[in-house]
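# Structural overview
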Amino acid sequence: MSESEKKANFEETQKQFRDRPPRKIDISVVVPLYNEEQSLMPLSLSIRDALDRMKSTYEVIFVDDGSTDDSIKILREIHRKNRRYKFISFRRNYGKSAALSVGFQQATGRIVVTMDADLQDDPNEIPRMIDKLETGYDLVNGWKKKRHDPISKTIPSKLFNFTTSLLTGIKLKDFNSGLKVYRREVIQDIKVYGEMHRFLPVLAHWAGYKVAEVPVTHHPRKFGKTKFGLSRFWHGMLDLVTVLFTTRYSKRPLHFFGLMGMLTFLAGFIIDLEIVIEKLLGKTSISNRPLFLVGVLLIIVGVQFVSIGLLGEMITRTKTEEEYAVKEKVFN
Ligand code: UDP
Ligand code: MG
């Protein structure tokens, strides 16, 4: 073959390669991480071992949430060895929800798996969870039935799960589990912001998706330390209020505040009307009826509630989008 033929041949191959439609990926594994340098290499190996057995195509997307240790170096090395492993690295720490949200945007698989990077979640559970998904669910949640965490974490967590289940009416044991399997549509539909990662099953359920839960094995943390202190409990509870409000009333805040406001206003109005009538009939003098002030207070609070509802209505008409500063993105 002459040089020019070789060149033409090469160009033809290149062209075919370019024109070929991108290969469809079956499973995207999204792993949010923050300062987990020691766990990353063993994690990537155990994901590979678990998924290679499944004979499905897969990609692993690490989202480095602004780590300050050597996590990024390890991620570069993992990517160099195997292109299935991609990563995106934030310039600063935005929190697990932000990391998941960006991971979701980049995931191309038909099925999207999320798991923690600290080796506490076991990738060997993924095939079983996918099997469950295929029986007709949209989200399968991993329930850490036998949990290997300190008691300072397990007890607040039990309380959190109990309250969330009670108030949302969704029968799950472990809302905040890192190990979850989603159908692609679910993650495209629901928005993860703030610290809403704790409520993904709630948001999915309210969006009309079918949610199931299976018990999974859980391991103690081997390297590094937990990123969430006791504050997780308060944050979680406050976020529960937000979720309840936003899932039911975000599109119609006046229905929530307006009802409260009108009831309060009405109570104050009736109390004061009664006192004014008594005064007009000469039965009492307003100055020795402290209840009159309570009535005034209720009227003012009532007006305030209605005003908040109206403000809410105005805010729902303007949409705000969060933005993340990306330090590095490796996706080739
Ligand atoms: N994580 C993160 N950003 C943060 C905090 C945590 O991406 O700001 C990651 C962390 O690296 C881990 C997962 O979220 O992969 C769960 O965190 P952790 O193990 O500390 O939570 P716990 O198991 O104690 O609930
Ligand atoms: Mg952990």
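Residues numbered from 1 in each chain as written. Chains lettered and ligands numbered in written order. Predicted model: local features only at pLDDT ≥ 70, side-chain atom pairs only at ≥ 80, totals over all residues. Heavy atoms only, no water.

### Focus on the layout of surface pockets
Stated precisely, the cut-off is as follows: Using a grid of 1 Å spacing that covers the protein atoms alone, one calls a set of points a cavity when a 1.4 Å probe fits there but cannot get out, and a pocket when the set is open and has protein on both sides within 12 Å along at least five of seven lines; lining residues are those with an atom within 4 Å of a point. Grid points are joined across faces, edges and corners, and a volume is the space filled by probe spheres set on the points. Secondary structure counts use DSSP, requiring at least four H or I residues in a row for a helix and at least two E residues in a row for a strand, with both numbered from the N terminus. The nonpolar class holds Ala, Val, Leu, Ile, Met, Phe, Trp, Tyr, Cys and Pro. Asp, Glu, Lys and Arg form the charged class, and all remaining residues, Gly among them, are polar.
In this structure, the second largest pocket spans a volume of roughly 730 Å³. Considering the residues around the second largest pocket, the lining is formed by 36 residues, among which Lys 96, His 197, Lys 227, Phe 228 and Arg 232 are closest to the centre. Sorting the residues of the lining of the second largest pocket by element identifies β1 (27–33), α6 (151–168) and α9 (231–249) as the ones contributing at least two each. The leading source of residues in the lining of the second largest pocket is α6, at 5 residues. Its residues assigned to classes, the lining of the second largest pocket shows 9 nonpolar, 11 polar and 16 charged.

### A closer look at the site of ligand 1
The test is simple: If a single non-hydrogen atom of a residue is within 4 Å of a molecule or strand, that residue counts as near it. Side-chain atoms alone can form a polar contact between residues adjacent in sequence; in general such a contact is a pair of N or O atoms within 3.5 Å, and within protein one must be able to donate a hydrogen while the other accepts it. To measure how exposed things are, a 1.4 Å probe is used in the Shrake-Rupley method; for residues, cover is taken only from the protein chains shown. By definition, a pocket or cavity contains a molecule when more than half of the molecule's atoms lie within 2 Å of the pocket's grid points.
As a structural note, the neighbourhood of ligand 1 is formed by 18 residues, with Glu 36, Asp 65, Asp 118, Lys 153 and Thr 226 the closest of them. Residue Pro 32 places a main-chain N or O atom 2.9 Å away from an oxygen atom belonging to ligand 1. Residue Ala 117 places a main-chain N or O atom 2.8 Å away from an oxygen atom belonging to ligand 1. When the free accessible area of ligand 1 is taken as 540 Å², the share hidden by the protein chains comes to 94%. Taking a 2 Å distance to the grid points as the criterion, the majority of the atoms of ligand 1 fall inside the second largest pocket. Residue composition of the shell around ligand 1, grouped by class: 5 nonpolar, 4 polar and 9 charged.

### Some words on unusual backbone geometry
The phi dihedral of Asn 35 falls on the positive side, at around 55°, and the residue is not glycine. In this structure, Asn 35 sits in the loop between β1 and α2 (37–52).

### What about a nonpolar patch on the surface?
Rules: Patch membership is restricted to residues that have no salt bridge and whose relative accessible area is over 30%. Joining uses 9 Å for like charges and 5 Å for the nonpolar side chains Val, Leu, Ile, Met, Phe, Trp and Tyr. The salt bridge definition used is simple: a Lys or Arg side-chain nitrogen within 4 Å of an Asp or Glu carboxyl oxygen. Only protein chains enter the accessibility calculation, which uses a 1.4 Å probe; a residue is then buried when its area is under 20% of its type maximum, exposed when over 50%, and partly exposed in between.
The grouping of Phe 265, Leu 266, Phe 269, Ile 270, Leu 273, Ile 277, Leu 281 and Val 303 at the surface amounts to a nonpolar patch, some 730 Å² of accessible area in total. Of all the elements, helix α10 (residues 253–280) adds the most residues to the nonpolar patch, at 6 residues. With relative accessibility at 53%, the residue Ile 270 sits in the exposed group.

### So, the coordination of the magnesium ion (ligand 2)
Cut-off, in case you're wondering: Listed donor atoms are N, O and S within 2.8 Å of the metal (Na, K and Ca: 3.2 Å). As water is not included, a site may look incomplete.
Surrounding the magnesium ion (ligand 2) are the protein donor atoms Asp 118 (OD) and Gln 120 (OE1), which sit 1.9 to 2.0 Å from the metal. Here the two residues Asp 118 and Gln 120 agree in accessibility, since each one is buried.

### Notes on the packing of α6 against α9
The criterion, for reference: Between N-to-C directions, angles span 0 to 180 degrees; the directions come from axes that are lines fitted to C-alpha atoms, helices contributing only their stretch in contact. We call two directions roughly parallel when the angle between them is under 35 degrees, roughly antiparallel when it is over 145, roughly perpendicular when it lies between 65 and 115, and oblique otherwise. By convention the crossing between two helices is left-handed if the near helix lies anticlockwise of the far one by an angle smaller than a right angle, and right-handed if it lies clockwise. In this analysis, two residues are considered to be in contact whenever any of their non-hydrogen atoms come within 4.5 Å of each other.
It is the contact of α6 with α9, at a shortest axis distance of 10 Å, that shows an interaxial angle of 10°. Classified by the angle between their axes, α6 and α9 sit roughly parallel to one another. Of the two elements, α6 crosses α9, and the hand of that crossing is right-handed. Across the interface between the two elements, Lys 153, Pro 156, Leu 159, Phe 160, Thr 163, Thr 164, Leu 167 and Thr 168 of α6 pack against Arg 232, Phe 233, Gly 236, Met 237, Leu 240, Leu 244 and Arg 248 of α9. Split into classes, the residues belonging to the contact of α6 with α9 amount to 8 nonpolar, 4 polar and 3 charged.

### Structural notes on helix α3 (residues 71–81)
Here is the rule we go by: Note: the arc covers the axis-to-C-beta directions of the helix.
Taken residue by residue, α3 has Ser 71, Ile 72, Ile 74, Leu 75, Ile 78 and His 79 as its buried positions. Projected down its long axis, α3 carries its buried residues within an arc of 155°, all on one side. When the buried face of α3 is taken as reference, the exposed residues oriented beyond 90 degrees from it are Lys 73, Arg 80 and Lys 81.

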